[in-house]
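# Results of the structural survey
Here is how the chains run, residue by residue.
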Amino acid sequence: MTDVLALGGRSFRSRLIMGTGKFSSPEVMSDALAASGAEMVTVALRRVDLDAKTNPITDFIDQSKYLILPNTSGAATAEEAVRLARLARSAGLPPWIKVEVIPDPHYLMPDPVDTLTACETLVREGFIVLPYIHADPVLAKRLEEVGVAAVMPLAAPIGSGRGLKMEAAIAIIIEQATVPVVVDAGLGVPSHAAAAMEMGADAVLVNTAIATAAHPARMAHAFKLAVEAGRGARLAGRAPELRTASASSPLTGFLHTKEPQ
Amino acid sequence: MTFAQMFDPAAMWNATARARHADKAEVRSSAASGVKTLDQVAALLSPAAGTLLEELAQRARSLTVERFGKTIALYAPLYLSNECVCTCTYCGFSMGLDIKRKTLRIDEVMRETRALASHGFRNILLVSSEHPKYVNAGYLAQCVTEVKREVQYVALEVAAAQTPEYVAWVEAGCDGIVLYQETYDPIMYPKYHIGGPKKQYASRLAAPERAAAAGMRHLGIGALLGLSDWRFEALSLVEHAQYLYRHCWRAQINVSFPRINSAAGGFAPPQPVSDAELVQLICAIRIALPAAGIVLSTREPAALRDRLIALGITQMSAGSSTEPGGYSTPGAAGEQFHLEDNRTPEQVARRIAELGYDPVFKDWEQDLGREGRLDGRPLQESAGS
């Protein structure tokens, strides 16, 4: 049986979602996208000129091969996120939306309250909604209840490349989830992505680590392999983790050995 | 407490003086630390740090790429007026200077806007001198609303205002303000600003937080280099930005520190800043404020601007004119200062791409402002649903 990611009524063979920001040119982004094997890409609506005939980002994404997941980056309130989502749909983009409500431009932390509000509205309007959230297990459950298609907890502050700093909380989210969990933000190297997949994440989203690598396409390919490896390990079922090798039982060993008389 | 109330210039001078004795170890330890103390920032601006420029530049570059990627946002200033009631010794618009004065009518503003939009600009900074009669709050609000019909991002660089004006401009769709303190040095400030409302040092210093309280999303602060000691100015600028991060946590902070150059009136800056000092300053600011946008204007020559991109700059103007009406009818009015980079926007964008960066004309959506394009329009009418 092939292992596919079922998300929002579609299935994806790749469990790597790629972001399109921060690249040095659309061509570099496009090469990295091809090397990543990703089938879903996020695009910041604020970068897209929806009125223009040509677009520096979307023109480089073949929509027959990749699903464009517009994000609401730049929105600081629920109202703004909802407006951007409607705008994207009216411009002909698919009704998928990654909800980012970030009132704090310094550490770029998502607003849990307004994220929930925006998701409620957008689910009601028929969008397939993927919220970007802090690794907050209760918020993840509340979002499930309003009908989001997945939850996207951050591993570490966005762009920081610091890896699974929120590991303990993400583990709880994964354990409790009834929708796919996409670990988003803060993954710096392929081993971080592999670790997230080994933990049981359904997918990961990577942008900065690929976009700002010295060789973005090579790094994209490395992430592809890491995500596959991590997922494979998860499905294989890992060997139990043991403390130091301990062959004997120090407290009860006497029962099995003959004490010198 | 406002920044004007808590800002202590003497503490800045003292830290600057202490940093004269900083050694390389202190500079390196500061560069590697997280949120920095006053003395750690001063160390980055110290003579010792000046001997470690390449190291600091590497650090600044990697922090910039981590945060902003390999992108440079492009914007254009649009000068609305050069009529002014202030006398400022370094400014080409200063009252009393014999230049052609003009305030653009709305139709002229729109002609300028369309000229800029035809070059690809989607981010316009409306700039004006200070004149309560010709450049009042209502006129500026109207300019913002009209310009916002053509481009997605509009900011104002105008006189310091009070909260009600900022509220009106936010409601008109204004996405940000730019308000340089010019010099943070309270002794030197009145020597340059000798007449008009701009004499009010403290009121100007507290204006960015008034704008933030009104809901302004982007705050541009800065100092004009050449008016006082650049180390003092940079340290004060970092202090100001750190205050705004704590007190106006919703606002994006951008900083700029243009070197003053010649304009009508023939002003010569008493404390000029060298290229090496400017490089040190950019690196120090980036390391001290990793999340701040750093804005570079066309006051700097083309060759130097190209070099500074790799160090920490995130936004640049291009193809600028500093006279009202200068894009559609050049020569009709006096310019504020003389430009050193006279390349067209297309040439600048091409050069940025050659340097391995993506020139970004649009990085904002007008629906993030108050006036959404779909507001009031039923969703069924939209094409994609």
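Before any of the text, the structure's been laid out above.
Keep in mind the model is a prediction, meaning the values are calculated, not measured.

Calculation rules
- Residues numbered from 1 in each chain as written.
- Chains lettered and ligands numbered in written order.
- Predicted model: local features only at pLDDT ≥ 70, side-chain atom pairs only at ≥ 80, totals over all residues.
- Helix = DSSP H or I, 4+ residues; strand = E, 2+ residues; numbered from the N terminus.
- Buried ≥ 20, exposed ≤ 12 C-beta atoms within 10 Å, placed from the backbone.
- Contact = placed C-beta atoms within 7 Å.
- Rg over C-alpha atoms; globule rule 2.2 N^0.38 Å.
- Axes fitted to C-alpha atoms, helices over the stretch in contact; angles between N-to-C directions.
- Parallel < 35°, antiparallel > 145°, perpendicular 65-115°, else oblique.
- Left-handed = near helix turned anticlockwise from the far one by under 90°.
- Arc of directions from axis to C-beta.
- Core = buried A, V, L, I, M, F, W, Y, C linked by C-beta atoms within 7 Å.
- Nonpolar A, V, L, I, M, F, W, Y, C, P; charged D, E, K, R; others polar.
- Right-handed = clockwise from strand over helix to strand, strands pointing away.

## Notes on the overall build of chain A
When you go through chain A residue by residue, the secondary structure sums to eight helices and 10 strands. Considered along the principal axes of its C-alpha atoms, chain A spans approximately 95 × 40 × 40 Å. In chain A, which comprises 261 residues, the proportion classed as buried is 50%. Within chain A, residue pairs in contact and separated by at least 24 positions form 62% of the contacts whose partners lie at least 6 positions apart.

## Digging into the overall build of chain B
Within chain B, the secondary structure is distributed over 16 helices and 11 strands. Computed over its C-alpha atoms, the radius of gyration of chain B comes to 20 Å, within 12% of the 21 Å expected for a compact globule of 385 residues. Its C-alpha atoms put chain B at 65 × 55 × 40 Å along the principal axes. In chain B, buried positions account for 54% of the 385 residues. Contacts spanning at least 24 positions in sequence make up 78% of the contacts within chain B whose residues lie at least 6 apart.

## Looking at the packing of helix H8 (residues 137-147) of chain B against helix H9 (residues 163-172) of chain B
Residues and elements named next belong to chain B. For the pair H8 and H9, the least separation of the axes is 8 Å and the interaxial angle reads 20°. When the axis of H8 is compared with that of H9, the two are roughly parallel. For the element pair H8 and H9, the recorded crossing hand is right-handed. Along the contact surface, H8 presents Ala137, Leu140, Ala141, Val144 and Thr145, while H9 presents Glu165, Ala168, Trp169 and Ala172.

## A look at helix H5 (residues 167-176) of chain A
In an α-helix, one full turn covers 3.6 residues, which means residues spaced three or four apart are oriented alike. Residues and elements named next belong to chain A. Among all positions of H5, only Ile170, Ile173 and Ile174 are buried. Taken around the axis of H5, the buried residues stretch over an arc of 95°, which confines them to a single face. Turned more than 90 degrees away from the buried face of H5 sit Ala168 and Glu175, all of them exposed. Lining the buried residues of H5 we find helix H4 (137-146), strand S8 (152-153), strand S9 (182-184) and helix H6 (190-199).

## Section: unusual backbone geometry
Trans is the prevailing form of peptide bonds, just as negative phi is the prevailing case for residues other than glycine. Residues and elements named next belong to chain A. Its identity as a non-glycine residue notwithstanding, Leu108 has a phi of 55°, on the positive side. Considering the arrangement of structural elements, one finds Leu108 in the loop between strand S6 (96-99) and helix H3 (112-124). One non-glycine residue, Ala185, lies in the positive phi region at around 75°. Looking at the element boundaries, Ala185 is found in the loop between S9 and H6.

## Some remarks on helix H2 (residues 9-19) of chain B
All names here are of chain B. For H2, the complete set of buried residues consists of Met12, Ala15, Thr16 and Ala19. Seen end-on, H2 carries its buried residues on one side only, within an arc spanning 100°. Structural note: H2 exposes Ala10 and Ala17 on the side pointing more than 90 degrees away from its buried face. The elements touched by buried residues of H2 are helix H4 (38-44) and helix H13 (230-247).

## Things to note about the nonpolar core
Grouped together as the largest cluster of nonpolar side chains are 198 residues, with contacts concentrated most on Val182(A), Val204(A), Ile124(B), Leu126(B) and Ala284(B). Residues contacting Leu126(B), with those up to four places away along its chain left out, are Leu78(B), Leu80(B), Cys143(B), Val144(B), Val147(B), Val154(B) and Leu156(B).

## Topic: the interface of chain B and chain A
Facing 31 residues of chain B, the contacting portion of chain A comprises 33 residues. The dominant element in the side of chain B that touches chain A, judged by the number of residues it contributes, is helix H6 (residues 53-68) of chain B, at three residues. Here the residues of the side of chain B that touches chain A sort into 12 nonpolar, eight polar and 11 charged.

## A few points about the packing of H6(A) against helix H8 (residues 216-236) of chain A
Residues and elements named next belong to chain A. Axis separation between H6 and H8 bottoms out at 7 Å; the angle between their running directions is 25°. It follows that H6 is roughly parallel to H8 by the angle criterion. Like other packed secondary-structure pairs, H6 and H8 cross with a definite hand, here right-handed. Only Ala222, Phe223, Leu225, Ala226, Val227, Ala229, Gly230, Arg231, Ala233 and Arg234 of H8 make contact with H6, whose side of the interface consists of Pro190, Ser191, Ala193, Ala194, Ala195, Ala196, Met197 and Glu198.

## Concerning the pairing of S6(A)
A two-sided burial pattern is seen for S6(A), the buried positions comprising Trp96(A) and Lys98(A) on one face and Ile97(A) and Val99(A) on the other. Taken together, S6(A), H3(A) and strand S7 (residues 128-133) of chain A form a β-α-β motif whose crossover is right-handed.

## Focus on the environment of Lys224(A)
Mapped onto the secondary structure, Lys224(A) falls in helix H8. Separated by 208 residues in the primary sequence, Lys224(A) and Leu16(A) place their C-alpha atoms 6.6 Å from one another.

Shape is all these values report; function is a separate question.
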